[in-house]
Amino acid sequence: MTAAEQPATAAGQTPAVVDISTVDISTLAATARLAQTLAQQASWLRGKVVYLYGDLGAGKTTLVRFLLQALGETGKVKSPTYGLMECYQPANCPQPGMKILHLDLYRLQDPEELEYLGLRDLLDADTLLLVEWPQRGAGVLPAPDATIRLSQAADQRSAEIHPQALAAAASART
Ligand SMILES: Nc1ncnc2c1ncn2[C@@H]1O[C@H](COP(=O)(O)OP(=O)(O)OP(=O)(O)O)[C@@H](O)[C@H]1O
Ligand SMILES: [Mg+2]
């Protein structure tokens, strides 16, 4: 089995987003598989807030890009580092009208600037909010429903997922 074919969990088990704590994403293919797994949770993710932590270059935008593509986005998914925000309506979301708002707050000088972006008006029950550098929006951003912490050391990359309510939603379904 090549590295690219390895299952996306550290324990070598079939990925299941509700059970994941730490996922090995040392290859782009592994990140793509994690994104696929998250995309399968899109019904639950609608209307939720997910914080993406991780140093510069840890792979936050890459995960968002794969997630959007897994949901059918065919346009360019660029990093919102300069514009702060990008909005998508991918074709294959489970519910029509679902939107995905991708924020990168790295360049935010003050959390109050989020008010100028009109974030409050953009958030509704149809919108999944994915936030890179959420610590820069502390006090103004809505609280997270889930957090994903990406880290990188040498050739190893990993994603630590804190599903919080994600786990609760999934167990309610079983
Ligand atoms: N799993 C991976 N395997 C190999 N390379 C990766 C992986 N994830 C991301 N990369 C590469 O790392 C680089 C940085 O990725 P990315 O832009 O997603 O990081 P980021 O966390 O969003 O950074 P920033 O904080 O600057 O926004 C890109 O060149 C990307 O292709
Ligand atoms: Mg980024």
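About the criteria used
- Residue positions are counted from 1 within each chain, in the order its sequence is given.
- Lettering for chains starts from A, numbering for ligands starts from 1, and both go in the order in which the items are written.
- Local features in this predicted model are restricted to residues whose pLDDT is 70 or higher, and side-chain atom pairs enter the listing and the counts only when it is 80 or higher, whereas totals over whole chains, interfaces and linings include all residues.
- Secondary structure elements follow DSSP: runs of H or I no shorter than four residues count as helices, runs of E no shorter than two count as strands, and numbering proceeds from the N terminus.
- The burial criterion counts other C-beta atoms lying within 10 Å of a residue's C-beta, which is placed from the backbone; the residue is buried at 20 or more, exposed at 12 or fewer, and partly exposed between these limits.
- We call two residues in contact when their backbone-placed C-beta atoms lie within 7 Å.
- Think of it this way: take the backbone, place a C-beta atom on it, and check whether that atom is within 6 Å of the molecule or strand, in which case the residue is near it.
- Every residue is assigned a pLDDT by the predictor, reflecting its confidence on a scale from 0 to 100.
- Strands are labelled as partners when DSSP assigns at least two bridges between them.
- Inter-axis angles, ranging from 0 to 180 degrees, are taken between N-to-C directions of lines fitted to C-alpha atoms, where helices are fitted over the stretch in contact.

1. Description of the overall build of the chain
Then, in step 1: In terms of helices and strands, the chain carries six helices and seven strands.
Then, in step 2: Listing the helices and strands of the chain from first to last along the sequence gives β-α-α-β-α-β-β-α-α-β-β-β-α.
Then, in step 3: Expressed as a percentage of the 174 residues in the chain, the buried residues total 39%.
Then, in step 4: Intrachain contacts of the chain at a sequence separation of at least 6 include 64% that bridge at least 24 residues.

2. Quick look at the site of ligand 1
Then, in step 1: Taken together, 18 residues form the shell around ligand 1, and within it Thr31, Gly59, Lys60, Thr61 and Thr62 come nearest.
Then, in step 2: Mapped by element, the contributors of at least two residues to the shell around ligand 1 are α1 (28-39) and α3 (60-70).
Then, in step 3: Among the elements that take part in the shell around ligand 1, α3 stands out by supplying three residues, more than any other.

3. Quick look at the environment of tyrosine 88
Then, in step 1: Assignment of secondary structure puts tyrosine 88 in strand β3 (residues 85-88).
Then, in step 2: Remark: the alpha-carbon pair of tyrosine 88 and isoleucine 100, spanning 12 residues in sequence, is separated by 5.1 Å.
Then, in step 3: In contact with tyrosine 88, not counting residues within four places along its chain, are Leu68, Glu73, Lys99 and Ile100.

4. Let's talk about the confidence of the model for the chain
Then, in step 1: The predicted model of the chain averages 85 in pLDDT, with 82% of residues at 70 or higher.
Then, in step 2: Element-level pLDDT for the chain is lowest in helix α6 (residues 165-173), with a mean of 49, against a maximum mean of 98 in α3.
Then, in step 3: Across residues 1-18, confidence stays below pLDDT 50; counting only partners more than four residues off in sequence or on other chains, it has 36 contacts.

5. Some details on the environment of lysine 99
Then, in step 1: Within the secondary structure, lysine 99 is located in strand β4 (residues 99-104).
Then, in step 2: Along the chain, lysine 99 and alanine 125 lie 26 residues apart, while their C-alpha atoms are 9.4 Å from each other.
Then, in step 3: Apart from the residues within four sequence positions on either side, lysine 99 is in contact with Cys87, Tyr88, Gln89, Asp126 and Thr127.

6. Considering the sheet that holds strand β1 (residues 22-24)
Sheet strands line up and pair through hydrogen bonds in the backbone, either parallel or antiparallel.
Then, in step 1: Taken together, the seven strands give an open sheet; going across it, the order is β1-β7-β6-β2-β5-β4-β3, and neighbouring strands pair in mixed fashion. The open sheet has two edge strands with one neighbour each: β1 and β3. When strand polarity is set aside, the average angle formed by the axes of neighbouring strands in this sheet is 20°.
Then, in step 2: Note that strand β2 (residues 49-53) and strand β6 (residues 146-153) share four bridges and pair parallel. Counterpart to valine 50 in the pairing with β6 is alanine 146.
Then, in step 3: Strands in contact with α3 are β2, β3, β4, β5 (127-132) and β6; relative to β5, the strand with the most contacts, it is inclined by about 160°.

7. Some points on α3
Then, in step 1: Counting buried positions along α3 yields nine of 11 residues, so the element is predominantly enclosed.
Then, in step 2: Regarding α3, the residues found buried are Lys60, Thr61, Leu63, Val64, Arg65, Phe66, Leu67, Leu68 and Ala70.
Then, in step 3: The inward-facing, buried residues of α3 contact α1, β2, β3, β4, β5 and β6.
Then, in step 4: Just beyond α3, the residue with positive phi is glycine 72, at close to 100°.

8. Structural notes on unusual backbone geometry
Then, in step 1: Phi is positive for leucine 84, close to 70°, though the residue is something other than glycine.
Then, in step 2: Relative to the assigned elements, leucine 84 resides in the loop between α3 and β3.
Then, in step 3: A tally of 19 C-beta atoms within 10 Å means that leucine 84 is categorised as partly exposed.
Then, in step 4: Phi at tryptophan 133 is positive, roughly 55°, even though this residue is not glycine.

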